[in-house]
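Residues per chain, in single letters:
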Amino acid sequence: MNDIDKQIANIIQADGKASSAEIANHVGISVSSANERVRKLKSIGAITQWRGVLNPSAFGVELLVFIFVDMSYEGEYEATCALTECPEVQEIHHISGPHSYLLKVRVKNTVALQEFINTSVKPLKAVVKTETLMVLDTSKETTEIDLGHLNKGG
């Protein structure tokens, strides 16, 4: 992946609706070359998904929480597979430290949160303990990766 590919990736992650002409103009290549480079980025797995980013409040899922989940080894794989199927779970991270996993969860309210924990998390065989942190305010939330330093040889 060269600097032009990284510039194209940066454009796409900031604006997934950018046209090939806009991409080509921004990085100084032909439209056909921009199309080919985007196809290449998709084929090598550098671009994994195309989607819009929604405002959770507009859809009534205003409560954001992070849940630490401690698990025993027995049943851990099955539990993580079950959690990946829960639509409330936006992210699951296997982490180091005193906890096993960190979940990012969005639900409507505290009643929905309690129901989610009681019906989707705690019944899992491997789950030993949970600890929930409610988000009061979000100053920054993004899926964008900082590619700026990669163009500077760093």
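Please read these numbers as outputs of a predicted model, since none were measured by experiment.

Caption draft 1: Geometry of the overall build of the protein chain. Looking only at helices and strands, the protein chain has five helices and four strands in total. Beginning at the N terminus, the succession of helices and strands in the protein chain can be written as α-α-α-β-α-β-β-α-β. Scaling as 2.2 N^0.38, a compact globule of 154 residues should have a C-alpha radius of gyration of about 15 Å, whereas the protein chain reaches 20 Å, well beyond that. In terms of overall dimensions, the protein chain has a C-alpha envelope of 55 × 35 × 25 Å along the principal axes. Within the protein chain, the proportion of its 154 residues that are buried is 31%. Residue pairs in contact within the protein chain that sit at least 24 positions apart in sequence constitute 66% of those at least 6 positions apart. Carbon together with sulfur atoms contributes 52% to the accessible area of the protein chain, which is approximately 10,300 Å² in total. In the protein chain, which carries 15 positive and 19 negative side-chain charges, the distance between the mean positions of the two groups comes to 5 Å.

Caption draft 2: Representation of the nonpolar core in the model. In terms of nonpolar packing, the biggest core is built from 20 residues, with I67, V69, M71, L103, V105 and F116 touching the most fellow members. At the level of elements, β1 (63–71), α4 (76–84), β3 (101–107) and α5 (110–121) are the ones that each hand at least two residues to this core. Top contributing element to this core by residue count: β1, with five residues. Every residue in contact with F116, bar those within four places of it in the chain, is listed here: I67, C86, E88, V89, V105 and V121. Counting residues in each nonpolar core, the second largest holds 12 residues, with I11, I12, I29 and A34 among its members.

Caption draft 3: Focus on the pattern of salt bridges. Within the structure shown, the criterion is met by seven salt bridges. Salt-bridge contacts for R37 lead to D5; the nearest nitrogen and oxygen are separated by 2.9 Å. Of this pair, R37 sits in helix α3 (residues 31–43) while D5 sits in helix α1 (residues 3–14), placing them 32 residues apart in sequence. Measuring nitrogen to oxygen at the nearest pair gives 2.8 Å for the salt bridge that ties R106 to E141. Linking R106 in strand β3 with E141 in the segment after β4 (127–134), this pair joins segments that are 35 residues apart in sequence. Using a relative accessible area of 13% as the deciding quantity, one classes R106 as buried. Since its relative accessible area comes to 43%, E141 is described here as partly exposed. Look at the salt bridges and you will find they share partners, linking E91, K104, R106 and E141 into a network.

Rules behind the numbers
Residue numbering note: each chain is counted from 1, following its sequence as written. The predicted nature of this model means local features are confined to residues of pLDDT at least 70 and side-chain atom pairs, given and counted, to a pLDDT of 80 or more, with totals for whole chains, interfaces and linings taken over all residues. Based on all heavy atoms of the structure, the side-chain values leave hydrogens and waters out of the count. Helix and strand definitions follow DSSP, with helices as H or I runs of at least four residues and strands as E runs of at least two, each counted in order from the N terminus. To get the radius of gyration, use the C-alpha atoms; to get the globule rule, take the number of residues to the power 0.38 and multiply by 2.2 Å. When a residue's accessible area, from a 1.4 Å probe over protein chains only, is under 20% of the maximum for its type it is buried; when over 50% it is exposed; and in between it is partly exposed. Note on contacts: a residue pair is in contact if any heavy atoms of the two residues lie within 4.5 Å. The Shrake-Rupley method, run with a 1.4 Å probe sphere, supplies the accessible areas, and residue values consider only the shown protein chains as cover. Charged residues are defined narrowly, with Lys and Arg counted positive, Asp and Glu counted negative, and His plus the chain ends left uncounted. Charge placement uses NZ in Lys and CZ in Arg. For Asp and Glu, CG and CD serve respectively. The nonpolar core is taken to be a set of buried Ala, Val, Leu, Ile, Met, Phe, Trp, Tyr and Cys residues, with the residues joined through side-chain atoms within 4.5 Å. What makes a salt bridge here is a side-chain nitrogen of Lys or Arg within 4 Å of a carboxyl oxygen of Asp or Glu, nothing more.

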